[in-house]
Amino acid sequence: MTEIEREAMDYDVVIVGAGPAGLSAAIHLKQLDADLNVVVLEKGSEVGAHILSGAVLDVSGLDALIPDWAARGAPIKTRVKKDRFLMLGQGGGLRLPNFLMPPLMSNHGAYIVSMGNVTRWMAEQAEALGVEIFPGMACSELVYDEGGALKGVVAGEFGLNADGTPGPHYEPGMILRGKYVFLSEGARGSLSKQVIENFELAKNADVQKFGLGIKEIWDVPPENHNEGEVTHSMGWPLGWKTGGGSFLYHAENNQVFVGYIVDLNYKNPYLSPYSEFQRWKHHPMISEVLKGGKRVAYGARVVAKGGYQSIPQSAFPGGVLLGCSAGLVNLPRIKGNHNAMHSGIAAAKAAAKAIKAGRMGDELSDYDTALREGVIGKDLKRVRNVAPLTARFGPLGGLTLGGFDMWVANLFKFNPLGTLKHGKSDALSTGKAADYPVIDYPRPDGVLSFDRLTSVSFSATNHAEDEPVHLKLADPELPIRVNLPQYAEPAQRYCPAGVYEIIRDEDGTNPRFQINAQNCVHCKTCDIKDPSENITWTCPQGCEGPNYPNM
Ligand SMILES: Cc1cc2nc3c(=O)[nH]c(=O)nc-3n(C[C@H](O)[C@H](O)[C@H](O)COP(=O)(O)OP(=O)(O)OC[C@H]3O[C@@H](n4cnc5c(N)ncnc54)[C@H](O)[C@@H]3O)c2cc1C
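Quick summary incoming for the structure in this document. (Residues numbered from 1 in each chain as written. Predicted model: local features only at pLDDT ≥ 70, side-chain atom pairs only at ≥ 80, totals over all residues. Heavy atoms only, no water.)

**Thoughts on the overall build of the protein**
Next, step 1: Scanning the protein from terminus to terminus reveals 15 helices and 24 strands.
Next, step 2: The burial tally for the protein puts 60% of its 551 residues in the buried class.
Next, step 3: Surface accessibility of the protein: about 21900 Å² in total, with carbon and sulfur atoms responsible for 53%.
Next, step 4: For the protein, the separation between the mean place of its 53 positive charges and that of its 61 negative charges on side chains is 9 Å. (Helix = DSSP H or I, 4+ residues; strand = E, 2+ residues; numbered from the N terminus. Buried < 20%, exposed > 50% of the residue type's maximum accessible area, 1.4 Å probe, protein only. Areas by Shrake-Rupley, 256 points an atom, 1.4 Å probe, with all protein chains shown as cover. Lys, Arg positive; Asp, Glu negative; His and termini not counted. Charge placed at Lys NZ, Arg CZ, Asp CG, Glu CD.)

**Here we look at the side chain of Arg493**
Next, step 1: Structurally, Arg493 can be placed in helix α14 (residues 491-494).
Next, step 2: Buried Arg493, no salt bridge; nearest opposite-charge side chain is Glu489, N-O distance 6.8 Å.
Next, step 3: Not counting residues up to four positions away in its chain, the partners in contact with Arg493 are Pro269, Tyr270, Leu271, Ser272, Pro273, Arg452, Tyr487 and Ala488. (Salt bridge = Lys/Arg side-chain N within 4 Å of Asp/Glu carboxyl O. Contact = heavy atoms within 4.5 Å.)

**Some points on the site of the ligand**
Next, step 1: Around the ligand lies a shell of 35 residues, among which Ala21, Glu42, Val56, Glu185 and Cys324 are the nearest.
Next, step 2: Lys43 places a polar main-chain atom, nitrogen or oxygen, 3.0 Å from a nitrogen atom of the ligand.
Next, step 3: Between the ligand and Gly336, the relevant distance is 3.0 Å, taken from a nitrogen atom to a main-chain nitrogen or oxygen of the residue.
Next, step 4: Here the ligand loses 96% of its free accessible area of 1000 Å² to cover by the protein chains.
Next, step 5: Elements with a minimum of two residues in the shell around the ligand: α1 (20-32), β3 (54-57), β16 (244-250), β18 (294-304) and α7 (337-356).
Next, step 6: No other element matches β18, which puts three residues into the shell around the ligand.
Next, step 7: Residue composition of the shell around the ligand, grouped by class: 20 nonpolar, ten polar and five charged. (Near = heavy atom within 4 Å. Polar contact = N/O pair within 3.5 Å; in protein donor to acceptor, adjacent residues only side chain to side chain. Nonpolar A, V, L, I, M, F, W, Y, C, P; charged D, E, K, R; others polar.)

**Some remarks on the packing of aromatic side chains**
Ring pairs (aromatic) are described by centroid distance and by the angle formed between their planes.
Next, step 1: As enumerated under the stated definition, the model contains nine aromatic pairs in all.
Next, step 2: Ring geometry for Tyr260 against Trp280: centres 5.8 Å apart, planes inclined by 65°, an arrangement best described as edge-to-face. One end of the pair, Tyr260, is in strand β17 (residues 255-263); the other, Trp280, is in helix α5 (residues 273-280), with 20 residues separating them in the sequence. Grouping residues by exposure puts Tyr260 and Trp280 together as buried.
Next, step 3: Relative to Trp280, the ring of Phe277 has its centre 6.0 Å away and its plane inclined at 25°; by these criteria the two rings are stacked. Of this pair, Phe277 and Trp280 both sit in helix α5, three residues apart, which is roughly one turn of the helix.
Next, step 4: Taking relative accessible area as the criterion, Phe277 reaches 0% and is therefore assigned buried. (Phe/Tyr/Trp six-rings, centres within 6.5 Å; stacked < 30°, edge-to-face > 60°.)

**Quick notes on the packing of α1 against α7**
Next, step 1: Running from N to C, α1 and α7 cross one another at 35°; their axes reach a closest spacing of 7 Å. Once α1 is placed against α7, the crossing between them reads as right-handed. Residue-level inspection shows Pro20, Ala21, Ser24, Ala25, His28, Leu29 and Leu32 of α1 in contact with α7, the latter providing Asn337, Ala340, Met341, Ser343, Gly344, Ile345, Ala348, Lys349, Ala351 and Ala352.
Next, step 2: Here the contact of α1 with α7 is built from residues that sort into eleven nonpolar, five polar and one charged. (Axes fitted to C-alpha atoms, helices over the stretch in contact; angles between N-to-C directions. Left-handed = near helix turned anticlockwise from the far one by under 90°.)

**Let's talk about the sheet that holds β18**
Next, step 1: The strand order β6-β5-β15-β16-β17-β14-β18 describes an open sheet built from seven strands, whose pairing is mixed. On the outer flanks of this sheet lie β6 (93-96) and β18, each paired with one strand and no other. Averaged over all adjacent pairs, the angle separating strand axes in this sheet is 20°, with direction ignored.
Next, step 2: Of the pairings in the sheet, the one linking strand β5 (residues 82-88) to β6 comprises four bridges and is antiparallel in character. Pairing of Leu88 across the sheet is with Gly93, part of β6.
Next, step 3: Helix-sheet contacts for helix α10 (residues 386-412) involve β5, β6, β15 (229-235) and β17, and the interaxial angle to β5 is about 120°. (Pairing = 2+ DSSP bridges.)

**A closer look at the pairing of strand β14 (residues 210-219)**
Next, step 1: Most of β14 is tucked away: nine of the ten residues are buried.
Next, step 2: As paired elements, β14 and β18 share ten bridges and run antiparallel to each other. Its bridge partner lying in β18, Asp219 is registered against Lys294.
Next, step 3: One ladder, built from nine bridges, connects β14 with β17; its direction is antiparallel. Residue pairing across strands places Gly211 opposite Asp263, the latter belonging to β17.

**A few points about the nonpolar core**
Next, step 1: Counting residues in each nonpolar core, the largest one holds 78 residues, and the members touching the most others are Leu29, Ile76 and Phe182.
Next, step 2: Take this core: its biggest share by element is eleven residues, from α7.
Next, step 3: Sequence-distant contacts of Ile76, defined by excluding residues within four places in its chain, comprise Leu57, Val59, Leu62, Trp69, Tyr111, Val113 and Val118.
Next, step 4: Grouped together as the second largest cluster of nonpolar side chains are 54 residues, Leu471, Phe513, Cys523 and Ile535 included. (Core = buried A, V, L, I, M, F, W, Y, C linked by side-chain atoms within 4.5 Å.)

**Here's the deal with a nonpolar patch on the surface**
Next, step 1: A cluster of nonpolar side chains, contributed by Trp407, Leu411, Phe412 and Phe414, occupies part of the molecular surface with about 450 Å² of accessible area.
Next, step 2: Here Trp407 is to be found in helix α10. (Patch = residues over 30% accessible without salt bridge, like charges linked within 9 Å, V, L, I, M, F, W, Y side chains within 5 Å.)

Purely geometric stuff here, so don't read any function into it on its own.
Right, dumping it as structure tokens:
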């Protein structure tokens, strides 16, 4: 095969991904040294287009980065006024008194924001400091030097035919080289996954765990809206054996962000996280907010939930892992944006210091230490047993025992349960179809609940039809040979965008596995949950994927 010729550009720091982690790193590098050349590459058509987190933001990261963010017009206006935690049964529920909740789960002082809009604003701040930001530049390959250190990425290749050969409008993309490369691709980053494998970065860490978050934005009537109110729930419809829960945030302009996170270690292969979410909206304590309203956007994304014990070594020769590429979410708080920002700041400090000392391409071990021993480590360490306890005892047991562990950690600065292990990966947690009942989900009513393809149209997702399928099967026959008989091919149900289908002849015979890659919302669930670990999510070309408005 002939080597593809590409132009190369050199920078001090190349940053992959314009999320809160990557943008914080870019901003802080320029704050530390205005002469540093910094580039940020983003696969979305614009900054924010692939950012799903309609979020409750702990502003500690932003306070450290841009203390006068309010004066600079940051789109962070809605202070949390009220916290509610509901335990739902099928027809009713009860609200847990706030004094029973561990204090660290209080959202007092936090803001309800659209992280899409926050990252758009952060990109403006970065550009004003001289950072170059290129949206529509999917980074598809890693580039190593002769010694094996990461030295850059290939970005912006597009125009390949479906069979992978260059088409008439083929552009080979560019190599962007840096003294250091920061990978801030969010949870289950495709390049980050390769780097973790290549440098064996996870060998001393526990397995990484994930949840699938599915979210919608609704415009609701003013009488249903209570700006600043934050509601979380557990229980119905998932029940008390499967980990997961909901969020409902009353943002500004009579909008609510509603969503459901299902832990991907669920066992029953017939479970559909999408249908659980649709069903949940019919609960009377939820539908009373949505009724008379209109759904305006839809999206999905995995969230890393392994926490402290699952953080891989985050510095390696030539680069670092930031934010959710290193898995920095505080699970019981469902918050990772603040740690993403703190990690960007810490990585910028380590790289600026190294470059000033004339170093390049080596390991920024100061960064790895800062991650574990600084503010991020402190935030994650005290809640480290909640995920393993939930996996063992279900959400109620996890909440009770995890709550006790967090209370003690809060009061006495140690976790009485030590550090619990997570057990199996999410893929291997999937049970055999023969051992579990089929779940009969109600049909969507088209008012509160919707079918998957209608939902995907509300993510404004776009992929060309005549390009290589970006969801790669290691063994193309395996879905029909193994997954269908053993697991009833769960890809049909775990994908929240209807990418995977089993199609058959009219008489029900001859099953085939079909990949509708054009529907993919880049949530990465398939890369995690396939029980045979047969699917690899790769970056599609150009600026494809969802186009979230203000998620
Ligand atoms: C449903 C849900 C709800 C959440 N709610 C909250 C909340 O309320 N509060 C909170 O603090 N946190 C919340 N989180 C967690 C939060 O979203 C993450 O912690 C945060 O997004 C991590 O930031 P990041 O910069 O590491 O990654 P991301 O925000 O995921 O950003 C990564 C960026 O990199 C880009 N990218 C990825 N790969 C490539 C590539 N190869 N080439 C080019 N670009 C690439 C992506 O398009 C994206 O723009 C939630 C997560 C989910 C899924």
